[in-house]
Amino acid sequence: MKKNKKVIISIIVLLVIIAGLAGFMIYGIAKGEKFVFSGKTEVLYESIFNDVNKIDVNITNYDVEIKEHDKNEIAIEITGNEKNKDKIKVEANGNDLTIKQDGSIICIGLCLYEETITIYVPENYELEYNHESSSGSIVSDILIQKGNIKTTSGDIKLTTLLNGSIASTSGNIELNEGSSLEVSSTSGDIDIEKVNDLTGSATSGNLTINNLTNKINFSLTSGDIKINKFSINEDSSLTARSGNIKIGLEKEVFIDAKTNNGDIDINNSNATPTLTLTTTSGDITAK
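Cut-off values and rules
Residues numbered from 1 in each chain as written. Predicted model: local features only at pLDDT ≥ 70, side-chain atom pairs only at ≥ 80, totals over all residues. Heavy atoms only, no water. Helix = DSSP H or I, 4+ residues; strand = E, 2+ residues; numbered from the N terminus. Buried < 20%, exposed > 50% of the residue type's maximum accessible area, 1.4 Å probe, protein only. Contact = heavy atoms within 4.5 Å. Areas by Shrake-Rupley, 256 points an atom, 1.4 Å probe, with all protein chains shown as cover. Patch = residues over 30% accessible without salt bridge, like charges linked within 9 Å, V, L, I, M, F, W, Y side chains within 5 Å. Salt bridge = Lys/Arg side-chain N within 4 Å of Asp/Glu carboxyl O. Lys, Arg positive; Asp, Glu negative; His and termini not counted. Charge placed at Lys NZ, Arg CZ, Asp CG, Glu CD. Pairing = 2+ DSSP bridges.

Participant: Run through the overall build of the chain, naming residues and quoting values.
Facilitator: Assigned secondary structure in the chain consists of one helix and 22 strands. In the chain, which comprises 287 residues, the share counted as buried stands at 37%. Restricting to contacts in the chain with at least 6 residues of sequence separation, those with at least 24 account for 38%. As displayed, the chain has an accessible area near 15000 Å², and 46% of this comes from carbon and sulfur atoms.

Okay, structure coming up:
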């Protein structure tokens, strides 16, 4: 009797799985998506461009890599499965280059290929780069003068973004150097090596900055804030609702520190500017 009961339960579970897969496929077909069960990585697109100083990318399911090379033009290489070749559009209009995608890629089963867009940029090139993607990461090894970077379900790793914004949902943010930036994150950590001015907010993740050289205004819902070296020159504020704040100060500053549930350990002075530190539940350390 018990054996028959287990068999019936197994059959019901199997039927539920089959029904779910069938519904998923019907949804994809209704949306005009292609289902890929296997494949290999191929070069889908290659081209070079001169006199481009702005690149806009809007894609899904593709990783993006931006690299320097020893040539004078910008080169684009797109790799992936041949069946998805027509979904990527690359267009040049004057000094602007656009890479966009029509539709997304749905893969069921064993997918042996990688969807990647590689952008090669000359050394010491002044570039504006704007990026929006889902289900894909971006890695840049170049200096980006200004840009707006936004991902959903993908990590962001940049060497240098001087001015602009970075936003991530369900992904981590790593930045080596920035000047004046707005950064926001949902469900992901933010790690910055060096930045001058920073504003923004985060939900569910830590903010870590090694070297902050001017000012910051940042709020965090759930996570810790840590700044190893803070050379404050303008009024700044940090708020953590559920998390600790720890700051290494490089100069004297007046600190306005408040916590509802936690300890405060600060070296205060009457010097300007003012650093406001607030936590709902967490410790504050600044010295």
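This is not the end of the story, as more comes after the structure.
Participant: Can you break down a negative patch on the surface residue by residue, with the values?
Facilitator: A cluster of like negative charges, contributed by E68, D70, E123 and D141, occupies part of the molecular surface. Inspection of the secondary structure assignment puts D141 in strand β11 (residues 138–152).

Participant: Please give an account of the side chain of Q101 that cites residues and values.
Facilitator: As for its position among the elements, Q101 is in strand β7 (residues 96–101). Setting aside residues up to four positions removed in sequence, Q101 forms contacts with N58, I59, T60, Y62, K87 and I88.

Participant: I'd like a description of the environment of E46, backed by residues and values.
Facilitator: Considering the arrangement of structural elements, one finds E46 in strand β2 (residues 42–49). For E46, a relative accessible area of 57% translates into the label exposed. When the C-alpha positions of E46 and T118 are compared, they lie 9.7 Å apart, and in sequence the two are 72 residues distant. In this structure E46 touches I76 and E77, once residues within four positions along its chain are discounted.

Participant: Lay out unusual backbone geometry in plain terms, naming residues and giving numbers.
Facilitator: Cis geometry is found at the peptide bond from T272 to P273, where omega equals 5 degrees. Here P273 lies in the loop between β20 (264–266) and β21 (274–281). Phi angles above zero are rare outside glycine, and N124 is one such case at about 55 degrees. With respect to the element layout, N124 can be found in the loop between β9 (116–122) and β10 (128–134).

Participant: Account for a nonpolar patch on the surface, with residues named and values stated.
Facilitator: A contiguous nonpolar surface patch, about 380 Å² in accessible area, is contributed by I11, L14, L15 and I18. When you line up the elements, L14 lands in helix α1 (residues 2–30).

Participant: Help me get a handle on the pattern of salt bridges, residues and values and all.
Facilitator: Counting across every chain of the model gives five salt bridges. Among the salt bridges present, the one from K67 reaches E65, with a minimum N-O distance of 3.4 Å. Given the relative accessible area of 30%, K67 is considered partly exposed. A salt bridge links D265 to K287, with the shortest nitrogen-to-oxygen separation between them at 2.8 Å. Residue D265 is located in strand β20, and its partner K287 is located in the segment after β22 (284–286); the two are separated by 22 residues in the primary sequence. Judged by relative accessible area, D265 falls into the partly exposed class, the value being 36%. Owing to a relative accessible area of 46%, K287 belongs among the partly exposed residues under this scheme.

Participant: Give me the pairing of strand β5 (residues 74–80): which residues, what numbers.
Facilitator: Of all seven residues that make up β5, six are buried, and the element is covered over most of its length. Here seven bridges tie β2 to β5, and the two strands are oriented antiparallel to one another. Note on β5: the bridge partner recorded for E42 is G80. Where β5 lies against β9, five bridges are found, and the strand directions are antiparallel.

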